[in-house]
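Geometric and topological summary
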Amino acid sequence: MSDHDFDFDKPREECGVFGMYSAPPNDLAWLTYMGLFALQHRGQEAAGMCVSDGEKFHVEKDLGLVTQVFDERRLDSVRLPNARVSIGHVRYSTTGSNLRFNAQPLTTRTNKGILGLAHNGNFVNALEVRKEMLNEGALFATTNDSEVMLNLIARESHMDLVEATAAAMKRLRGGYACVLMSRTQLIGFRDPHGVRPLVIGQRPLENGGDGAWVLASEPCALYAVGARLIRDVQPGELVWFDRSGLHSLMVEAKKPTPCSFEWIYFARSDSRLDGVDTHESRIRMGEQLAREKPVDADVVVPVPDSGIGAAIGYARESGIPFDYGLYKNPYAGRTFIAPTQEARELKVKMKLSPTSAVKGKRVILVDDSIVRGTTSRQIVNLLREAGATEVHFRVSSPPITHPCFYGIDTAARKELVASTHSIEEIRDLIGADTLAFISERGLRQAIGGPGLCSACFTGDYPAGTPLLNDVDKLALEV
Ligand code: SF4
């Protein structure tokens, strides 16, 4: 499905968003389905879309993968022959539990007509704003923080939709990227630091004209619908599309600090975000890691698939051959929740098995991150059982010591092995001969660009932290 291990010991992306504005005739329902399918790695628990032709406004959403939610019958139910606007969403529940009513897009009726919103990221002051609004008599139907944004937009009844959205952006803080639609407009916006990604694409019309405008969390979703990348939405920028094309308003720009984990792990390796190619940056991380943490060995082996880019870079820089020492079962997607330790170990074996490339070899095992460390230990064991004489673990991100408040489920702080253990203790825990992580400075060099969020490594949160003590992902369930 993608180069991601869905339920391995990894941080999890909250959501992917998608939107299109197109002159009819078209099949926006089908195109939105294709865009969401390309973004499936960003959320596997729910999917949904809204489609409008300027009058009708259809919504479908449910729990499950894109292909499970949208069978032919359901896709038909949102299809409109003269559709002009659509948005879509894939979700992993970071805020609000995995309940059907938390699936997106969220919709509401306002004096600006019916609106649909799909949201990636977190508003760190959503709980506070929600409580204020509840005291003023506002009503909330869900427990997710996207509804706070939608309510803020709705209550600015004297403003037009673009002005109201800009006002809501100024009120909420955090890391977010959203797509919003009315019956006639598509809007996209990104937080002032640009923590979460959002790109603009265009799909040409065969007979000229603007064709279709596309918004997506990653360029892979643009390519999936035949569009080309035009540019990133800038941090703090609001863009909108209507019959006269693309418009832009800079609402509030601060120092750009996009999420470094997009390049380390989340984004697909064919993506390019904020001008930085994902695959190439992963190779540079591996090269940097080899310079910083060299070790004498016979073979460089990636943890598939997300460790491949860094392993290529490590091998290139060190001159030690790259090889596939672990086979990943391509049919192992989401599996059962393993109730016992034995079942959890079998689950890893169900997904990964060692190849003959490691037998009798000193192995450098390259992975993108260590969260809890439980899976890392099992992978080291697999290699030893297959005859590896030494296992040297190299990680292309710094130790994760702090939770993320901007839409990534890195696990609670107490579950982060690097927040409670030294590197030597982690090495002992996972049973490797040596263990080393890339430095934060090295990571910045490898990714490049004007700035980065690296709060989960440093605790330095560029877009603020929740104002109230309760930072649990279910905090909005009051
Ligand atoms: Fe990304 Fe970490 Fe920043 Fe969260 S805290 S946005 S995961 S770099």
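Fair warning: this is a prediction, and the values are worked out from it, not measured in the lab. (Residues numbered from 1 in each chain as written. Predicted model: local features only at pLDDT ≥ 70, side-chain atom pairs only at ≥ 80, totals over all residues. Heavy atoms only, no water.)

**Remarks on the site of the ligand**
With respect to spatial proximity, the complete set of residues near the ligand consists of Val-195, Arg-196, Cys-259, Ser-260, Phe-261, Cys-404, Tyr-406, Ile-408, Cys-453, Ala-455 and Cys-456. Residues belonging to the shell around the ligand are distributed by class as follows: nine nonpolar, one polar and one charged. (Near = heavy atom within 4 Å. Nonpolar A, V, L, I, M, F, W, Y, C, P; charged D, E, K, R; others polar.)

**Topic: helix 4 (residues 126-135)**
Since one α-helical turn is 3.6 residues long, residues separated by three or four positions face the same way. Along helix 4, the positions that sit buried rather than exposed are Ala-126, Leu-127, Val-129, Arg-130 and Met-133. For helix 4, the angular spread of the buried residues around the axis is 160°, confining them to a single face. Looking one or two residues beyond helix 4, the residue adopting positive phi is Gly-137, at roughly 100°. (Buried < 20%, exposed > 50% of the residue type's maximum accessible area, 1.4 Å probe, protein only. Helix = DSSP H or I, 4+ residues; strand = E, 2+ residues; numbered from the N terminus. Arc of directions from axis to C-beta.)

**Notes on unusual backbone geometry**
The omega torsion across Gln-104 and Pro-105 is 5°, close enough to zero to call that bond cis. The topology assignment puts Pro-105 in the loop between strand 5 (85-91) and strand 6 (106-110). Look at the link from Pro-304 to Asp-305: it is a cis peptide, with omega at 0°. Its location among the elements puts Asp-305 in the loop between strand 17 (299-302) and helix 10 (308-318). Phi at Asp-274 takes a positive value of approximately 50°, unusual for a residue other than glycine. If you trace the backbone, Asp-274 turns up in the loop between strand 15 (272-273) and strand 16 (276-277). Judged by relative accessible area, which is 27%, Asp-274 ranks as partly exposed.

**Structural notes on the pattern of salt bridges**
Evaluated as defined, the whole model comprises 22 salt bridges. For Asp-305, the salt bridge goes to Lys-328, with nearest N and O atoms at 3.2 Å. Remark: Lys-328 occurs in strand 18 (residues 326-328) and Asp-305 occurs in the loop between strand 17 and helix 10; sequence separation between them is 23 residues. Notably, a salt bridge pairs Arg-427 with Glu-424, separated by 2.8 Å at the nearest N-O pair. One end of the pair, Arg-427, and the other, Glu-424, are both in helix 14 (residues 423-430), three residues apart, so they sit about a helical turn from each other. What makes Glu-424 partly exposed here is its relative accessible area of 48%. (Salt bridge = Lys/Arg side-chain N within 4 Å of Asp/Glu carboxyl O.)

**Overview of the UniProt feature "binding site: [4Fe-4S] cluster" (unreviewed entry) in the protein**
In this numbering, the UniProt entry assigns the feature "binding site: [4Fe-4S] cluster" (unreviewed entry) to Cys-259, Cys-404, Cys-453 and Cys-456. Considering the C-alpha atoms alone, the annotated residues occupy 198 residues of sequence yet fold into one spot, their largest mutual distance being 10.1 Å. Here Cys-453 lies in the loop between helix 15 (440-447) and helix 16 (455-458). Since its relative accessible area comes to 9%, Cys-453 is described here as buried. Discounting residues that sit within four places of it in the chain, Cys-453 has contacts with Thr-257, Pro-258, Cys-259, Ser-260, Tyr-406 and Pro-462. The topology assignment puts Cys-456 in helix 16. (UniProt positions renumbered as here; feature names shortened; annotations may be inferred. Contact = heavy atoms within 4.5 Å.)

**A look at the pairing of strand 17**
Burial along strand 17 is two-sided: the residues Val-299 and Val-301 and Val-300 and Pro-302 are all buried. Relative to strand 20 (residues 362-367), strand 17 runs parallel, the two being bridged by four bridges. Looking at the pairing, Pro-302 lines up with Val-366 of strand 20. (Pairing = 2+ DSSP bridges.)

**Brief notes about the packing of aromatic side chains**
Inspection of the entire model under this criterion finds 10 aromatic pairs. Their ring planes at 15° and their centres at 5.4 Å tell us that Trp-30 and Tyr-33 sit as a pair that is stacked. Taken as a pair, Trp-30 and Tyr-33 lie in helix 1 (residues 28-38) at a separation of three residues, close to a single helical turn. With a relative accessible area of 36%, Trp-30 lands in the partly exposed category. Residue Tyr-33 is classed as buried on the basis of its relative accessible area of 12%. Through a chain of ring-to-ring contacts, three or more aromatic side chains come together here, namely Phe-261, Tyr-265, Phe-266 and Phe-457. Note that Arg-130 overlies the ring of Phe-140, its terminal NZ or CZ placed 4.7 Å from the centroid. (Phe/Tyr/Trp six-rings, centres within 6.5 Å; stacked < 30°, edge-to-face > 60°. Lys NZ or Arg CZ within 6 Å of the ring centre and 35° of its normal.)

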